[in-house]
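A structural walkthrough
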Amino acid sequence: NLAYSQKEHEIRVKIDGFQEKELYLGYYLQDKQYLLDTTFLGEDGYFTFKGEEITPGGLFLIVMPPDNQYFQLLIDPDNQRFTVHCKSPINPTEGMEIKGSEDNKLFYDYLAFLAAKRPEAVSLQEAIDNPETPEKKKQDLQEKLDALNKTVEDYQDELIEKHPKSLTAVVIQSNLPLDLPEFEGEGKEVEVKKWQYAKQHYFDNLNLTDPRLLRTPFLFQRLDHFVNKMTVQHPDSINQSLFYLLEKMKPSEETFKYYLIHFLNTYAKSQIVGFDAVYVFLAKTYYASGQAPWTDEEQLAKIIENANKLEPLLIGKVAPNIKMQTKDNKDIWLHEFQSPYTVLFFWDPDCGHCKKSMPEMIEFYNQFKGRGVEVFAVCTKLYDELEECWLTIEEKGMGIWFNTVDPYNRSKYKTIYDIKTTPQIYILNDKKEI
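Residues numbered from 1 in each chain as written. Predicted model: local features only at pLDDT ≥ 70, side-chain atom pairs only at ≥ 80, totals over all residues. Heavy atoms only, no water.

The helix and strand inventory of the chain stands at 12 helices and 14 strands. Taken over the C-alpha trace, the chain has a radius of gyration of 31 Å; the compact-globule value for 434 residues is 22 Å, which it surpasses by more than 25%. Principal-axis analysis of the C-alpha atoms places the extent of the chain at approximately 90 × 65 × 40 Å. A total of 434 residues make up the chain; the buried ones form 43% of that total. Considering only contacts within the chain whose residues lie at least 6 apart along the sequence, 65% involve residues at least 24 apart. With an accessible surface of roughly 24200 Å², the chain has 50% of that area assigned to carbon and sulfur atoms. Put simply, the chain has 50 plus and 69 minus side-chain charges, and the middle of one group is 2 Å from the middle of the other. (Helix = DSSP H or I, 4+ residues; strand = E, 2+ residues; numbered from the N terminus. Rg over C-alpha atoms; globule rule 2.2 N^0.38 Å. Buried < 20%, exposed > 50% of the residue type's maximum accessible area, 1.4 Å probe, protein only. Contact = heavy atoms within 4.5 Å. Areas by Shrake-Rupley, 256 points an atom, 1.4 Å probe, with all protein chains shown as cover. Lys, Arg positive; Asp, Glu negative; His and termini not counted. Charge placed at Lys NZ, Arg CZ, Asp CG, Glu CD.)

Set out below in structure tokens:
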């Protein structure tokens with residue numbers, strides 16, 4: 001489903017000692033990896049991936065069968081024609097030669113620099129963490145580790161300054177830690193200030209408008225952490241965070257499209273009570289306003305229709321008023337039913353889940369009826385099967401609460417309350433708010 005322009009890419013890969021006759025080109029998307037292309041060994045000893053331009057680039061994978069070992073390549077929209085020569089399939093990046101791609105040279109020089117510094121950093125940290133190391137010695141070791149970290153930071157800063165538009169610089173900068181200032185106060189007060197600052201500045205180093213970041217392994221991790229860990233898990237807060245992210249992404253059309261679809265689907269499937277409000281927010285804000293032009297008319301109409309049905313039923317809304325009937329054919333409006341708390345309970349005598357949950361409902365009612373809780377039950381059978389409702393109520397001991405029907409569906413409650421399956425349960429307060 002990914003769109004590509006009509007320009008071409010040509011990536012030639014030679015791997016000395018590699019016995020297989022095919023090679024794969026893959027890419028990152030969200031928290032997964034996907035194969036994009038397969039090519040075969042040419043007579044010149046090279047595997048050549050050639051075709052339409054890989055727009056807009058990102059961090060890609062050269063995957064080697066049969067064990068699917070892989071190494072990474074940066075592919076930029078401005079340079080998709082280069083050659084890679086690996087000296088061994090065992091460790092393909094060691095001594096790797098790259099021609100025609102300065103970005104990949106930068107990237108692998110940086111990885112080699114980190115690899116050279118890592119053993120010393122690990123050794124120093126282990127000595128610092130060793131309880132047998134004298135405190136004065138630990139101070140000296142910490143100074144050395146700080147100096148080593150400063151060397152790495154200087155390397156990163158210099159690379160970013162000299163090559164700001166390179167994908168290597170973008171990858172490095174995107175993963176730099178957030179520099180938190182000192183906050184006054186103590187305990188929980190300071191922790192709240194840190195959280196607020198971190199949330200506000202979480203994307204300072206990561207440019208959500210850069211389309212190349214869509215196909216990297218870290219973009220989804222950062223977005224997921226921001227939405228699910230740094231955002232209070234309440235629909236209003238989640239809506240605010242998603243709006244912030246999606247508005248930031250808009251200049252990168254493909255990223256915006258991908259994550260709008262992703263978030264809509266995520267909250268459409270959410271099993272958490274109240275999170276349907278996030279689906280409604282996204283559908284109303286973006287789909288109903290014409291900001292999802294890629295959606296076909298039928299699907300768009302369905303999304304908007306679902307949102308319109310759900311909106312009146314969100315937590316905090318006043319429950320739609322419906323007129324029902326009692327067994328003796330007396331009319332009663334839901335809003336006329338007086339109780340500090342009303343459990344609006346839609347059920348069907350033939351519904352297996354209803355039968356299974358009924359003893360629990362009865363137990364619940366007996367426990368809470370003295371605390372201001374009443375049940376307003378609606379049997380969903382129509383006139384020709386109505387007798388089943390009253391027989392089941394008698395057999396199951398459901399006469400302890402208030403039972404109603406709507407024989408001719410005059411209230412259209414199944415549409416109003418979006419009753420596709422039963423049981424459906426809404427808890428209302430004294431103002432009949434959900």
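Right, let's get into the packing of helix H6 (residues 235–249) against helix H7 (residues 253–268). Two numbers describe how H6 lies on H7: the axes approach to 8 Å, and their chain directions differ by 160 degrees. One way to sum up the angle between H6 and H7 is to call them roughly antiparallel. Between H6 and H7, the contacting residues are Ile238, Leu242, Leu245, Leu246 and Met249 on the first element and Glu253, Thr255, Phe256, Tyr259, Leu260, Phe263 and Tyr267 on the second. Counted by class, the contact of H6 with H7 contains 10 nonpolar, 1 polar and 1 charged residues. (Axes fitted to C-alpha atoms, helices over the stretch in contact; angles between N-to-C directions. Parallel < 35°, antiparallel > 145°, perpendicular 65-115°, else oblique. Nonpolar A, V, L, I, M, F, W, Y, C, P; charged D, E, K, R; others polar.)

The next point concerns the sheet that holds strand S6 (residues 69–75). A sheet is described by the order of its strands in space; here 4 strands give the open sequence S3-S2-S5-S6, paired in antiparallel fashion. At either end of the open sheet lies a strand with only one pairing partner, and these are strand S3 (32–40) and S6. Across the sheet, the axes of successive neighbouring strands diverge by a mean angle of 30 degrees, strand direction being ignored. Sheet topology note: the strand S5 (residues 58–64)/S6 ladder contains 7 bridges and is antiparallel. Bridge pairing in S6 links Gly58 to Ile75. (Pairing = 2+ DSSP bridges.)

Quick look at the pattern of salt bridges now. All told, the structure shown has 21 salt bridges when counted by the stated rule. Where Lys105 meets Glu102, a salt bridge forms, and the shortest distance between an N and an O atom there is 3.8 Å. Taken as a pair, Lys105 and Glu102 lie in helix H1 (residues 102–129) at a separation of 3 residues, close to a single helical turn. One salt bridge in this structure joins Asp418 and Lys420, with 2.6 Å as the shortest N-O distance. If you follow the salt bridges from partner to partner, you end up with Asp348, Asp350, Lys381 and Glu385 in one network. (Salt bridge = Lys/Arg side-chain N within 4 Å of Asp/Glu carboxyl O.)

Our focus in this paragraph is the sheet that holds strand S4 (residues 47–52). Pairing within the open sheet is mixed, and its 4 strands lie in the order S4-S1-S7-S8. Each edge of the sheet is formed by a strand with only one pairing partner; in this case those strands are S4 and strand S8 (97–99). Sheet twist, expressed as the mean angle between neighbouring strand axes with direction ignored, is 10 degrees. Bridge count between strand S1 (residues 8–15) and strand S7 (residues 81–86): 6 bridges; the pairing is parallel. By the bridge assignment, Glu10 is partnered in S7 with Arg81.

Moving on to the side chain of Lys138. Topologically, Lys138 is positioned in helix H2 (residues 135–162). Taking the relative accessible area as the measure of exposure, Lys138 reaches 18% and is therefore buried. Once residues within four sequence positions are removed from consideration, Lys138 is found in contact with Ile128, Asn130, Pro131 and Thr133.

So, on to the state of the cysteines. Within the structure shown, the criterion is met by 1 disulfide. Through a disulfide, Cys379 is tied to Cys389; the S-S separation comes to 2.0 Å. Disulfide Cys379-Cys389: the torsion about the S-S bond is -70 degrees, which places it as left-handed. On the criterion of sequence distance, the pair formed by Cys379 in strand S12 (residues 373–379) and Cys389 in helix H11 (residues 386–396) is long-range, its members being 10 residues apart. Side by side, Cys379 and Cys389 carry an identical accessibility label, which is buried. (Disulfide = S-S within 2.5 Å.)

So, to be careful, I would describe these as geometric facts and stop short of saying anything about function.
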